[in-house]
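Single-letter residue listing:
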Amino acid sequence: HCFGCGAHGSAIGFLMDQRGLSYVEAIHDLAQQAGLTVPETVRTDSEQAHRSRGLVELLGAAADYYRRELKVSPAAVDYLKGRGITGQTAARFALGYAPDAWQPLRAAMASYDDPRLVEAGLVIIGDEGKRYDRFRGRVMFPIRNRRGAVIGFGARILGAGEPKYLNSPETPVFHKGQELYGLFEAQEAIRNRKRIIVCEGYMDVIQLAQAGFGESVAALGTAVTGHHVSSLLRLTDHVIFAFDGDAAGRKAARRALEAALPAISDTKRASFLLLPEGEDPDSLIKAHGAGAFEDELRRALPLSRWFARSL
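It should be emphasised that the depicted structure is a prediction, and the values quoted were computed from it without experimental measurement. (Residues numbered from 1 in each chain as written. Predicted model: local features only at pLDDT ≥ 70, side-chain atom pairs only at ≥ 80, totals over all residues. Heavy atoms only, no water.)

Undergrad: Outline the overall build of the protein, supporting the account with residue identities and numerical values.
TA: When helices and strands are counted, the protein shows 13 helices and twelve strands. Whereas a compact globule of 311 residues would reach a radius of gyration of roughly 19 Å, the protein reaches 20 Å, a difference of no more than 12%. Overall, the protein is about 55 × 50 × 35 Å in size when its C-alpha atoms are taken along their principal axes. Counting all 311 residues of the protein, 45% fall into the buried class. The contacts in the protein between residues at least 6 apart in sequence include a share of 65% that link residues at least 24 apart. Total accessible area computed for the protein in this model is approximately 15600 Å², and 52% of it derives from carbon and sulfur atoms. (Helix = DSSP H or I, 4+ residues; strand = E, 2+ residues; numbered from the N terminus. Rg over C-alpha atoms; globule rule 2.2 N^0.38 Å. Buried < 20%, exposed > 50% of the residue type's maximum accessible area, 1.4 Å probe, protein only. Contact = heavy atoms within 4.5 Å. Areas by Shrake-Rupley, 256 points an atom, 1.4 Å probe, with all protein chains shown as cover.)

Structure below.
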């Protein structure tokens, strides 16, 4: 029991509230901390868990390698500095760099021929069975689950080239429609600020966090889904959708509204903010400071008014 805020309950309930875990996930988390094995009623469940752990370990090793490479890549460091990202922020989000070569991960893996590298979305098999890294010549944004394990990557190319942003494919441990970038890093701020800000991109999340809005997250190259909204509303009572003021931003806000309507309840709030034309959170904060973004948040429309306006 907390005599300050009145919250109380069991260790299981605490983990469910603090980390947004399901009941079963909280049980497994506690068992792992205590060095216990949770009995599995179906053998395939245990096999699937073992398989997923193996993929997560490979993704974690790749993230460690990319972080080391960032330190020795002047071009990648200059890019991040040019975007106004500090070294402390880069470390907090575990940013990295994938060298511009065909098989840089070979140096980080026990066996580059391991089929799990393909399953994890790190390696592609091309013509004649040749293997090569999916991510090359890109700044790497590790995507972590609520426990902090790396489950995928977003990657931004340096210089010209397409696609500008590249995400990990769907894998047994990474599902774009269920995960949110920055949620692991945002958990403490969400509890303290009692709200979540949902924006559009990786750099928006990072720039907002650096400016003091650590409760920010972003969808992973997809529209906000009902699963996203339901997960966020388990963590807080107020979700703010903050999108760019262009046609794509308006479309994203409309889809977020459609996803929020079935999930919202009398005790929950959703607000909608469209930034001025041509602005995104990154550019607004750079040009006018954190106070300008806070002013925009105060002008966010409640769901009912945004619903009427969108009609």
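Let us keep going from here.
Undergrad: Got a sec to walk through the environment of Asp127? Specific residues and values, please.
TA: Of note, Asp127 is situated in the loop between strand S2 (123-125) and strand S3 (131-133). Asp127 gets classed as exposed once you look at its relative accessible area, which sits at 68%. Remark: the alpha-carbon pair of Asp127 and Thr37, spanning 90 residues in sequence, is separated by 43 Å.

Undergrad: Give me the lowdown on the pattern of salt bridges, citing residues and values where you can.
TA: Opposite charge on two side chains permits pairing when their charged atoms draw close. Throughout the structure, instances matching the rule amount to 17 salt bridges. With a shortest N-O distance of 3.8 Å, Arg147 and Asp29 are connected by a salt bridge. Placement of Arg147 in the loop between strand S4 (138-144) and strand S5 (150-157) and of Asp29 in helix H2 (residues 23-34) is noted, with a sequence separation of 118 residues between them. Here Arg147 falls in the partly exposed class, since its relative accessible area comes to 37%. One salt bridge connects Arg144 with Glu185, and the closest N-O pair in it is separated by 2.7 Å. Here Arg144 is found in strand S4, whereas its partner Glu185 is found in helix H7 (residues 183-193), with 41 residues between them in sequence. A single salt-bridge network, built from bridges that share partners, covers Arg193, Arg195, Glu215 and Glu294. (Salt bridge = Lys/Arg side-chain N within 4 Å of Asp/Glu carboxyl O.)

Undergrad: Summarise the sheet that holds S4; cite the residues concerned and give the values.
TA: Overall, antiparallel pairing links the four strands, which are arranged S1-S4-S5-S6 in an open sheet. Each edge of the open sheet carries a strand with a single partner, namely strand S1 (96-98) and strand S6 (165-167). Recorded for the sheet is a direction-independent mean angle of 35 degrees between the axes of neighbouring strands. Sheet topology places S5 next to S6; three bridges connect them, and they run antiparallel. Bridge pairing in S6 places Ala155 opposite Leu166. Sheet strands touched by helix H4 (residues 74-82): S1, S4, S5 and S6. Its angle to S4, the strand with the most contacts, is close to 70 degrees. (Pairing = 2+ DSSP bridges. Axes fitted to C-alpha atoms, helices over the stretch in contact; angles between N-to-C directions.)

Undergrad: Account for the packing of helix H11 (residues 281-288) against helix H12 (residues 290-298), with residues named and values stated.
TA: For any two helices packed against each other, the geometry comes down to the angle between their axes and how far apart the axes lie. Interaxial distance between H11 and H12 falls to 6 Å at its minimum, and their mutual angle equals 125 degrees. When the interaxial angle is binned, H11 and H12 end up oblique. Across from Pro281, Leu284, Ile285 and His288 in H11, the residues of H12 making contact are Ala290, Ala292, Phe293 and Glu296. (Parallel < 35°, antiparallel > 145°, perpendicular 65-115°, else oblique.)

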